[in-house]
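This is what each chain is made of:
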Amino acid sequence: MHPCLEKILLNEDEIVARCKELGQQITQEYKNNEQPPLLVALLKGSVPFLAELIKHIDLDIQFDFMDVSSYEGTESIGDIKIIKDLDCSVKNLDILLVEDIVDTGRTLKTVKAMLKNKGAKTVRVVTLLDKPDRRVVDIEADYTGFEIPNEFVVGFGLDFNQKYRNFPFVGVLKEECYK
Ligand code: 5GP
């Protein structure tokens, strides 16, 4: 195991099995829709999750990417700036927002509102991980892979200083490695 890891929280088999269940659930819930959903993935953390999830969605979906970041100042926490906007219009589309982890919920709430403002017909959210204890705004994902305790995790897209995104599992980082 990597020396910066305290433990593995979710192994690859568990993650893949859960992505399969989520993909099947999403397929069922959207299959009678007029149109398949447009998946909007937030860069960069949700890329491995998106890649696994879409294998299990049996619909003619499309996907696009957005990159957002929080403003640094304490006054503006919760506001986000767009680093990369979507390539396509979301007007009148059913959007499925793909997230790596919902923590405070601020990113999700802001991006969801942004997509609604751009004219999306519906916006639902699928997240690989959820830390419900950390929530500061009232928002929930529609589909959640795993609820996890309040620990800093890396792997399967999640990083520390842009590293460890390529781990095929989700692990807890040793405190001494990030403090
Ligand atoms: P929120 O706006 O919900 O507070 O923030 C969500 C973002 O915070 C995630 O997309 C992710 O980039 C980051 N984040 C929150 N918790 C963790 C964690 O445990 N590990 C890592 N690597 N990133 C996290």
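The structure under discussion appears in the preceding block.
Residues numbered from 1 in each chain as written. Predicted model: local features only at pLDDT ≥ 70, side-chain atom pairs only at ≥ 80, totals over all residues. Heavy atoms only, no water.

### Considering the pattern of salt bridges
In step 1: Counted by the stated rule, this structure contains 11 salt bridges.
In step 2: Residue Lys7 pairs with Glu151 through a salt bridge whose shortest N-O separation is 3.7 Å. With Lys7 in strand E1 (residues 5-10) and Glu151 in the loop between strand E7 (143-147) and strand E8 (153-154), this residue pair connects regions lying 144 residues apart in the sequence.
In step 3: Look at Lys7 and you get partly exposed, because its relative accessible area is 33%.
In step 4: Two residues, Arg18 and Glu21, come together in a salt bridge whose shortest N-O distance is 2.7 Å. Linking Arg18 with Glu21, this pair stays in helix H1 (residues 12-30), spanning three residues, or about one helical turn.
In step 5: We classify Glu21 as partly exposed; its relative accessible area is 43%.
In step 6: Put simply, Asp103, Lys131 and Arg134 are held in one network by salt bridges that share partners. (Salt bridge = Lys/Arg side-chain N within 4 Å of Asp/Glu carboxyl O. Helix = DSSP H or I, 4+ residues; strand = E, 2+ residues; numbered from the N terminus. Buried < 20%, exposed > 50% of the residue type's maximum accessible area, 1.4 Å probe, protein only.)

### Quick word on the packing of aromatic side chains
In step 1: If you walk through the whole model with that rule in mind, you get six aromatic pairs.
In step 2: On the numbers, 5.3 Å between centres and 20° between planes, the contact of Tyr164 with Phe167 is stacked. There is no split in this pair, since Tyr164 and Phe167 are both buried.
In step 3: An aromatic cluster is present here, built from Phe152, Phe160 and Tyr178 joined pairwise through their rings.
In step 4: Sitting above the plane of the Tyr30 ring, Arg124 keeps its charged end 4.9 Å from the centroid. (Phe/Tyr/Trp six-rings, centres within 6.5 Å; stacked < 30°, edge-to-face > 60°. Lys NZ or Arg CZ within 6 Å of the ring centre and 35° of its normal.)

Geometric values such as these leave the question of function open.
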